[in-house]
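# Survey of secondary and tertiary structure
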Amino acid sequence: MDDFLDDELKQMEERESLQKNTIVEAIALSDPIESLSKGCLSLPEDTSLREVVNRFQKENIGCAILTRDGKISGIFTERDILLNVLGKKLDFEKETVKDFMTNDPQVLLPTDPVSFALNKMVDGGFRNIPIVDGELNPVGQISILDVVNHLGQYFHQEILNLPPEPLRKQNRREGG
């Protein structure tokens with residue numbers, strides 16, 4: 001049994017040494033979301049579905065911020081594709097994304113705290129929220145995955161060392 005644990009620890013240490021530590025300092029829930037925000041795919045709302053899907057695949061993302069006259073007008077995500085587009089035999093070249101987007105999405109400012117973003121995501125059931133400047137120009141976006149990944153990287157040891165809850169009663173040995 002000790003050999004098994006030693007092997008597991010060795011593998012975990014090897015994985016840790018291969019990963020880049022990108023976190024310079026911890027974030028607090030009161031920190032502004034600009035500390036987690038990343039760029040966004042911003043497209044005019046009259047873009048074809050084909051172009052949006054191609055950009056999603058090319059850039060390996062699942063969210064586009066849509067604009068009208070440079071101001072945010074909607075958001076279009078991979079969930080919108082699954083629920084509103086697929087199975088309808090649409091011509092992706094002729095259909096525009098504005099017919100399938102979520103109009104006037106909830107937005108955040110770069111100075112809003114992380115706690116506010118999390119609260120808005122949980123209450124609204126959103127996975128992505130656009131970040132805009134004071135004039136409603138898109139400047140980024142934040143996803144729940146961004147927050148979870150950051151917290152998971154920073155609190156790596158605490159998460160990996162949590163015992164199962166509730167502690168399980170075992171009748172036999174686990175494993176092979």
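The sections below set out a description of the structure shown in this document. (Residues numbered from 1 in each chain as written. Predicted model: local features only at pLDDT ≥ 70, side-chain atom pairs only at ≥ 80, totals over all residues. Heavy atoms only, no water.)

Within the chain, the regular secondary structure consists of 6 helices and 6 strands. Its helices and strands taken in sequence order, the chain reads α-β-α-β-β-α-β-α-β-β-α-α from the N to the C terminus. Here the chain holds 176 residues, and the buried ones make up 30% of them. A sequence separation of at least 24 residues applies to 58% of the contacts in the chain between residues at least 6 apart. (Helix = DSSP H or I, 4+ residues; strand = E, 2+ residues; numbered from the N terminus. Buried < 20%, exposed > 50% of the residue type's maximum accessible area, 1.4 Å probe, protein only. Contact = heavy atoms within 4.5 Å.)

Moving on to the sheet that holds strand β2 (residues 63–68). With mixed pairing, the 4 strands of this open sheet are ordered in space as β1-β2-β3-β4. The open sheet has two free edges, formed respectively by β1 (41–44) and β4 (102–103), since each of these has just one partner strand. Where β1 and β2 come together, 4 bridges link them in parallel fashion. Within β2, the residue paired with S42 across the bridge is I65. Running over the sheet, helix α2 (residues 49–59) touches β1, β2 and β3 (71–77) and is turned about 170° from β1. (Pairing = 2+ DSSP bridges. Axes fitted to C-alpha atoms, helices over the stretch in contact; angles between N-to-C directions.)

Formed by 15 residues in total, the largest nonpolar core has its most connected members in L49, F56, L66, F76 and V85. Every element with two or more residues in this core is listed here: β1, α2, β2 and α3 (78–85). The element contributing the most residues to this core is α2, with 4 residues. Here F56 is in contact with L41, I61, G62, C63, A64, F76, T77, E78 and I81, once residues within four sequence places are set aside. In terms of nonpolar packing, the next biggest core, distinct from the first, is built from 10 residues, I33, V114, M121 and I129 among them. (Core = buried A, V, L, I, M, F, W, Y, C linked by side-chain atoms within 4.5 Å.)

Every buried residue of helix α4 (residues 114–124) is accounted for by V114, A117, K120 and M121. All buried residues of α4 fall inside an arc of 130° around its axis, so they share one side. Exposed residues on α4 whose side chains face more than 90 degrees from its buried face are V122 and D123. In this structure, the buried side of α4 is in contact with β5 (128–132), β6 (138–143) and α5 (144–154). Just downstream of α4, G125 is the residue with a positive phi angle, here 70°. (Arc of directions from axis to C-beta.)

Among the 7 residues of β3, 6 are classified as buried, and the element is accordingly described as predominantly covered. Once β2 ends, the chain turns through 2 residues before running back antiparallel as β3, passing D69 with a positive phi of about 55°. Bridge count between β3 and β4: 2 bridges; the pairing is antiparallel. Paired with G74 across the strands is N103, a residue of β4.

Position of V97 among the secondary structure elements: in the loop between α3 and β4. On the accessibility criterion, V97 (0% relative accessible area) is buried. Sequence separation between V97 and P44 is 53 residues, and the spatial gap between their C-alpha atoms is 8.9 Å. Other than its neighbours up to four places away in sequence, V97 contacts P44, E45, T47, L49, V52, L66 and F76.

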